[in-house]
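Fold and geometry: a report
Each chain is listed here by its residues.
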Amino acid sequence: MGESEAAKIQRLIRDGLDRFGTNDVSQAIACWDEVLAIDPQNAKALDYLEAARGDGETKPPDVGPDDAGDEEPEREVTRLLEQAQKLLGNDDLEGALSLFHAAANRDPDRIEIESYIDMVRGRLVQRYRDRVGDTGVAPRMVIDPSEVTGFDLAADVGFMLSLVDGKTSIDELIALSGMDVFEALRILNELVAAGIAELES
Amino acid sequence: MSTAAGSLLTYIDTPVVVGDPDGRVAYVNPAFEKGFSVDLEGVMGQPLAHLFDGGAREFVLASVAEACELGETVRFRIRQGGVGFGAIASPIVAEDARVGVALLLVELAATDERSLTLCREMTECLDDLGRILDEMLEQTGGRRAERYRALVEDGVRALGRAHKWSGELESVISGKPASAATPSRFDPVAVLRDAAARARPEFESAGLSLEVLVPAQLPELRGDGGLLELALSHLLRIHRVGANDTSLVTMSARIRPRGDGTSVVISVIGSGAVEGDAPEEDAFSTVRSLVEEIGGEIRISDAPLGGRATVIRLMVA
C-alpha cells in the first residue's frame, strides 16, 4: 500500500500553501489542480485556486525584475495577511497558519505576525485535542513498516512515527518527543488522517 | 622558573607564587616567604594547596583550575592569616603546551574589607525584604487587591535591581570584572513553566483554560529571567481578569531567526484588557518596562480572531 488518496490530498494542499507563501504561485496552482484531479469537489483546493487566480487584490502581482521596488515585500506581506485572514474567516486554521508563517518569514520586523501564528496554533491545539480525545490512549501503526517510505514523510513526522509502538500514550509521546504540544498533536493527527496510525480504543 | 624572571620577582614586595602544570609550587618570591612564613626550599615541589589554609585553599585551587582551563586571568579574594588579599591567577603556557599559573596577592586596604562586609550586610537585608515581599504577593491576590498587588510587584522589581547593583558593587570592590559577576542568561523554558505554574491555580478557580505551548528545550536568552517571569505573570493576570467564562489563554515560545542571529518569540494571547483602558494601562506599561529592561522587543496588538496578543522577542545569548 502506498500513500492513500486522503494523505496525498493533504500533502498537496500543504505543498500548495507553502509554495503560495513563497510566491511560487504557478506551482501552488499546479498542486491544487492535482488535488482537483483526485477530488473535483475539494473545497479547500477550490477556495485556494479562486484566491490564487482571483481578482487583482488577492492575486499575487506578476512583477518583472524592473518593477521590483522597495514596496514590493510590504505589498506581498499585506497580500499574505489578507489571504490568511480570509482563511481564518472560513475556519481554515491550517491554511491560515501556513500563510502567517510565510508572511513572518518575509517581514521578520513585524513581530505581531508571530503572535497571529501563536494564536492559530492555540486554536489548532484545541481542535487536535478534540480529535484525539483521551490523550492517555496509545496510538499504533496500521501499515507495514516497509510501506513507510511510500508516504514521503517529513523528518519530524518520521521521528514521531518511530516512537509510535501501540504502548506509549499520546501524553508520553509528547514528553518523549521533546516537541511542544502543538507540534506533537499536529503530527499525530496527520499520521491518523493519512491512515498510517490509529488511536487504540 | 628562569633565573632572570626569578631575580626580577625577588625585588617585588608583593607576594608571588608560580605553580607548574602539575599544580605544584615552582617558585615563591621573598615577599611571599615573609608574608606567609614559609621558605622557598621548604615549599618547592609541594602542592599549591599546602600554602593556604581552610576556605582560602579551596578558593585558590578553584581559581587556579579555572585560569588553567579557560586560559584567562581570574580575579578573586582570599583571607589568609587574618589579612585580606586581592588575588590574580594568570595562566602560563609551558613549552610542552601544558598550563601553569602565576598567583599575585595584593594586600587589601582595611577600607576595602569594610566595604565588602557592608555589601554582605546589605545583601542580607535585601534577602529579608525579598521574603517579605514574596509573602505580601501571596496575600494580595484577587481583583480587589489588584492595585496593591501591582505595587508589591513594583517593589519586587526594584528589589531585584537593588540586588543586582549590590552584586556589581561587591564585584568592583573585589576587583572582579562586572560582567563575570552578573551572569545575564537564563533558560526561557523554566521561566515560562514557572510563570504558568504560578498562574494556573487562579485560572482554574476562574474556570479558564491556560494552554502552554513550549518545547522541551530552547536556547538560553540574554537578560534577567526573573524580570521576564514577572512580565509574564502580569500578562497572564491581565488576561485572566478580562476573560469571560469560555476564554482560552495561550502562552507559547518558539525559536525564530532574527537578522544574523536567533531569537525566541514568546506570545501571550487571549481575551482581556485593551491597552489604554484604565486601570489596565498601568499594567501594560509595567510589562513594557520589564521587557525593555531585559533588552527585549514587545508589541501588543489586536488578535485577528478577537482579544489581545502580546508578543515578546528576546535574543539568544
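Residues numbered from 1 in each chain as written. Chains lettered and ligands numbered in written order. Predicted model: local features only at pLDDT ≥ 70, side-chain atom pairs only at ≥ 80, totals over all residues.

Another aspect to go through is the overall build of chain A. When its secondary structure is counted, chain A shows 9 helices and 2 strands. Split into buried and exposed, the 201 residues of chain A put 36% on the buried side. Taking the intrachain contacts of chain A between residues at least 6 apart in sequence as the baseline, contacts between residues at least 24 apart amount to 64%. (Helix = DSSP H or I, 4+ residues; strand = E, 2+ residues; numbered from the N terminus. Buried ≥ 20, exposed ≤ 12 C-beta atoms within 10 Å, placed from the backbone. Contact = placed C-beta atoms within 7 Å.)

Ala 84, Leu 99, Phe 100, Ala 103 and Ala 184 of chain A together with Ala 231 and Leu 232 of chain B are the most contacted members of the largest nonpolar core, which has 91 residues in total. Of the residues forming this core, the biggest block, 8 residues, is contributed by helix α9 (residues 225-241) of chain B. Look past the residues within four positions of Ala 231 of chain B in its chain and what remains in contact with it is Val 287, Leu 290 and Val 291 of chain B. Counting residues in hydrophobic clusters, the runner-up holds 27 residues, among them Val 60, Ala 67, Phe 85 and Leu 105 of chain B. (Core = buried A, V, L, I, M, F, W, Y, C linked by C-beta atoms within 7 Å.)

Once that is clear, we can look at the pairing of strand β3 (residues 74-80) of chain B. Two faces, one strand: in a regular strand the side chains alternate between the faces of the sheet. Residues and elements named next belong to chain B. For β3, the tally of buried residues reaches 5 of 7 residues, placing the bulk of the element in the interior. As judged from the 7 bridges shared by β3 and strand β4 (residues 83-93), these two strands associate in the antiparallel manner. The residue bridging Arg 75 from the neighbouring strand is Ile 88, located in β4. The turn joining β3 and β4, which pair antiparallel and follow one another in sequence, is formed by 2 residues; a positive phi near 60° is taken by Gly 81. (Pairing = 2+ DSSP bridges.)

Glancing now at the packing of helix α1 (residues 5-21) of chain A against helix α2 (residues 25-38) of chain A. All names here are of chain A. One can describe the packing of α1 onto α2 by two numbers: an axis separation of 7 Å at closest approach and a directional angle of 160°. As summarised for this structure, α1 and α2 are arranged roughly antiparallel, according to the angle between their axes. The hand of the α1/α2 crossing is left-handed. Between α1 and α2, the residues in contact are Glu 5, Lys 8, Ile 9, Leu 12, Ile 13, Asp 15, Gly 16, Arg 19 and Phe 20 and Val 25, Gln 27, Ala 28, Cys 31, Trp 32, Glu 34, Val 35 and Ile 38, respectively. Residues belonging to the contact of α1 with α2 are distributed by class as follows: 10 nonpolar, 2 polar and 5 charged. (Axes fitted to C-alpha atoms, helices over the stretch in contact; angles between N-to-C directions. Parallel < 35°, antiparallel > 145°, perpendicular 65-115°, else oblique. Left-handed = near helix turned anticlockwise from the far one by under 90°. Nonpolar A, V, L, I, M, F, W, Y, C, P; charged D, E, K, R; others polar.)

What follows deals with the sheet that holds strand β7 (residues 209-213) of chain B. Residues and elements named next belong to chain B. Reading across from one edge, β7-β9-β10-β12-β11 is the order of the 5 strands in this open sheet, with mixed pairing throughout. The open sheet has two free edges, formed respectively by β7 and β11 (297-302), since each of these has just one partner strand. Between one strand axis and the next, the sheet turns by 15° as a mean value, whatever way the strands run. As paired strands, β7 and strand β9 (residues 248-258) are joined by 5 bridges and run parallel to one another. The partner of Val 212 across the bridge, within β9, is Met 251. Packed on one face of the sheet, helix α8 (residues 188-205) meets β7, β9 and β10 (261-270) and runs near 170° to β7.

Contact residues are listed per partner, giving 24 residues for chain B and 19 residues for chain A. Those elements giving two or more residues to the side of chain B that touches chain A turn out to be β7, β9, β10, β11 and β12 (308-315) of chain B. With 5 residues, β9 of chain B is the single largest residue contributor to the side of chain B that touches chain A. Looking at the side of chain B that touches chain A residue by residue, the class counts come to 12 nonpolar, 6 polar and 6 charged.

Residues and elements named next belong to chain B. Per-residue confidence for chain B gives a mean pLDDT of 80, with 86% of residues at or over 70. Ignoring residues within four places in sequence, the model shows residues 273-279, a span with pLDDT below 50, making 9 contacts including any to other chains. Here the complex is predicted with pTM 0.59, and the ipTM for its interfaces comes to 0.72. (pLDDT = per-residue confidence, 0-100.)

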